[in-house]
Amino acid sequence: MPSLFALLDCNNFYVSCERFFNPGLADQPVVVLSNNDGCIIARSNEAKALGIRMGEPYFKCKPLLEYYRVRVFSSNYALYGDMSQRVMEVLGRLEPEVEVYSIDEAFIRLPATGEESLRRLGTEIRGTIRRETGIPVSIGFAPTKTLAKLANRMAKKQVEHGGVFGLLPEHDITAFLKDIGAGEVWGIGSRSAQKLAAHNIRTAYDLSRADERWLKKNLSITGVRTMYELQGISCFPLEEMPQPKHSLACSRSFGAPVRELGEMHEAAVSYVSRAAEKLRAQRLKAGCLTLYLTTNRFRTDQPQYANSRTVSLPCPTADTAELIIQAGRCLKELFREGYVYQKVGVVLSDLLPEHLHQANLFVTPSPHRDTLLQALDRINLRWGKDTLQYASAGFSKQWHHRQERKSPSYTTSWRELPVVRAF
DNA sequence: TCTGGGGTCCTAGGACCC
DNA sequence: TCTGGGGTCCTAGGACCC
């Protein structure tokens, strides 16, 4: 039997997470901000209806938000990550072939049964996830991932479908695609949409019938695959096994401008420490470290500077201390006086599993380091982030990113458990 | 005053080798 | 006058995603 794809997508996911622990937010306009309280990255339907746009800088729409008494939250990734896991666990129990695609989305492969049985299945999955996690989801069915994305959008947009919508071969997919802009298709960003429009390809339907050679030349092979997917020919398979990571990063914009090397060094050490923690949590080592820094590109009135340095490590490592030393050297080379810096970041690459050990003639590994690092991680896991930290990460952290409206980490911190009162 | 963060894939072009 | 050709590997930059 031919197979179909379903895309399950959590509705306004971050807002739904906030609402689950704070029922007073139901029916209220709610938004969630990006890190550093910079931009709007999630909106409730009520907030969308007020015309608040995705990606809008917070400071620009603050008056509007206050006027309409929109409830505003800093992002709380500990909470969202944990809620995501719950949703994916329930889904994994219900369906055998699942690809977790992002924090709030999963693809599912299903046998191509009739529309009615798909609708029943979708409704059942929706109900179970809602009941067991409190998160509302929408589900779209179609012969390819790209079409399932579009079907999902329809499931969300038109409430009469009850959160489940199928874009199946027996339907008139052509008419449907004519109503969709080429730029709304998964994989077609604004740059590609511009190129397509200049070539008079404006709708998803136009794209599905584009000239293959022209597409290959202008949008690369991925554009060609998208074209076939729109025709119902699957080119993106379900990837149940997550691919090993090639890189891992940590960076933050500063909460207050940074001008001095000392402060910059503290921030760099903090992010390197976090990146090294992630590395160890995933049982990886890094062979390469990149440090980069940049001024605020929006402040065109100020002198601009951005630069990066990459070093190969003498021996792949996940040891915070070694990575801090390397990052410190990079920073010394990169830092220039006289600029107002906005951000520093670290990228670890050439990742490999920790058990693959390549010995280095000139480096003697200390047997105690691993034990020490394990102890460090255990203590910070048990007693909270940065209970133990390197002194060079600083203690006052004036540069620390803003996070003024964060909800408690209800599900991941003993100190922040929700409190239930009986009257 | 104030504009996120983390990740992937693809391609062109240069370096290098024989 | 006139100075090869083909293959591989690596990297930077562009574009995309959520």
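Quick look at the structure, then. Along each chain, the written sequence defines residue order, and numbers are assigned to residues from 1. The naming scheme follows written order: chains are lettered A onward, ligands numbered 1 onward. Under the rules for a predicted model, residues below a pLDDT of 70 receive no local features and side-chain atom pairs below 80 are neither given nor counted, while totals for whole chains, interfaces and linings still include all residues. For side-chain calculations, the full set of non-hydrogen atoms in the structure is used, while hydrogens and water are omitted.

1. Remarks on the packing of aromatic side chains
For this analysis, a ring pair means two rings from Phe, Tyr or Trp (six-membered ring only for Trp) whose centres lie within 6.5 Å, classed as stacked if their planes differ by under 30 degrees, edge-to-face if by over 60, and tilted for the remaining angles. A complete count under the given rule lists 17 aromatic pairs for this structure. Taking the centre distance of 5.5 Å and the plane angle of 65° together, the rings of Tyr-101 and Phe-107 count as edge-to-face. Under the relative-accessibility criterion, Phe-107 is labelled buried at 0%. Ring geometry for Tyr-305 against Tyr-341: centres 6.3 Å apart, planes inclined by 75°, an arrangement best described as edge-to-face. Of this pair, Tyr-305 sits in the loop between β10 (284–295) and β11 (306–317) while Tyr-341 sits in strand β12 (residues 341–349); the two residues are 36 residues apart in sequence, bridging distant segments of the chain. In this structure, Tyr-305 and Tyr-341 share a single accessibility class: buried. For every residue, the accessible area obtained with a 1.4 Å probe (protein chains only) is divided by the maximum for its type, and the residue is called buried under 20%, exposed over 50%, and partly exposed between those limits. A helix here means a DSSP run of H or I that spans at least four residues, while a strand means a run of E at least two residues long, and both kinds are numbered starting from the N terminus.

2. Focus: the sheet that holds strand β2 (residues 30–33)
Two orientations exist for strands paired in a sheet by backbone hydrogen bonds: parallel and antiparallel. Should DSSP find at least two bridges between two strands, the strands are taken to pair. The strand order across the open sheet built from three strands is β3-β2-β4, with neighbouring strands paired in mixed fashion. Looking at which strands have only one partner, the edges of the open sheet turn out to be β3 (40–43) and β4 (71–73). Pairwise comparison of adjacent strand axes, ignoring direction, gives a mean angle of 25° for this sheet. The pairing of β2 with β3 spans three bridges and is antiparallel. Axis lines are fitted to C-alpha atoms, over the contacting stretch for helices. Their N-to-C directions set the angle, which ranges from 0 to 180 degrees.

3. Structural notes on the protein's contact with DNA strand C
The immediate surroundings of DNA strand C are formed by 13 residues, with Ser-102, Lys-149, Gly-187, Gly-189 and Ser-192 found nearest. It suffices for a single heavy atom of a residue to lie within 4 Å of a molecule or strand for the residue to be listed as near it. Sugar and phosphate atoms constitute 100% of the interface atoms of DNA strand C, taking the interface as everything within 4 Å of the protein. Whenever a nitrogen or oxygen atom comes within 3.5 Å of another N or O atom, the pair is scored as a polar contact, on the condition that within protein one atom can donate a hydrogen and the other can accept it, and that pairs from neighbouring residues in sequence are kept only if both atoms are in side chains. Separating a phosphate oxygen of DNA strand C from a backbone N or O atom of Ile-188 is a distance of 3.2 Å. Between DNA strand C and the protein, one listed contact pairs a phosphate oxygen with a side-chain N or O atom of Arg-191 at 3.0 Å.

4. Brief notes about helix α5 (residues 115–133)
The end-to-end C-alpha separation of α5 is 27 Å, in line with the 27 Å expected for 19 residues at 1.5 Å each. Among the residues of α5, Leu-118, Gly-122, Ile-125, Thr-128, Ile-129 and Thr-133 are the ones counted as buried. End-on, the buried residues of α5 take up no more than an arc of 135°, which puts them together on one face. Relative to its buried face, α5 has exposed residues pointing more than 90 degrees away, namely Glu-116, Arg-120 and Arg-131. Elements that come into contact with the buried residues of α5 comprise β1 (3–10), α1 (13–21), α4 (77–94), β6 (105–111), β7 (137–142) and β8 (164–166). Just downstream of α5, Gly-134 is the residue with a positive phi angle, here 85°. Here a helix's expected span is defined as the number of its residues, less one, multiplied by 1.5 Å. Directions are taken from the helix axis to each C-beta atom, and the arc is the one they span. In what follows, residue pairs with any heavy atoms lying within 4.5 Å of each other are defined as contacts.

5. Observations regarding the pattern of salt bridges
Salt bridge, as used here, is a side-chain nitrogen of Lys or Arg placed within 4 Å of a carboxyl oxygen of Asp or Glu. For the structure shown, the criterion picks out 17 salt bridges. The salt bridge involving Glu-56 is made with Arg-53; its shortest N-O contact spans 2.8 Å. Accessibility expressed as a relative area gives 54% for Arg-53, which makes it exposed. In this structure, Arg-280 engages Asp-377 in a salt bridge whose closest nitrogen and oxygen atoms are separated by 2.7 Å. Of this pair, Arg-280 sits in helix α11 (residues 261–281) while Asp-377 is found in helix α13 (residues 367–383), placing the two residues 97 residues apart along the sequence. For Arg-280, a relative accessible area of 13% corresponds to the buried category. Residue classification places Asp-377 among the partly exposed residues on the basis of a relative accessible area of 24%. The network of salt bridges with shared partners includes Arg-274, Glu-277, Asp-386 and Lys-397.

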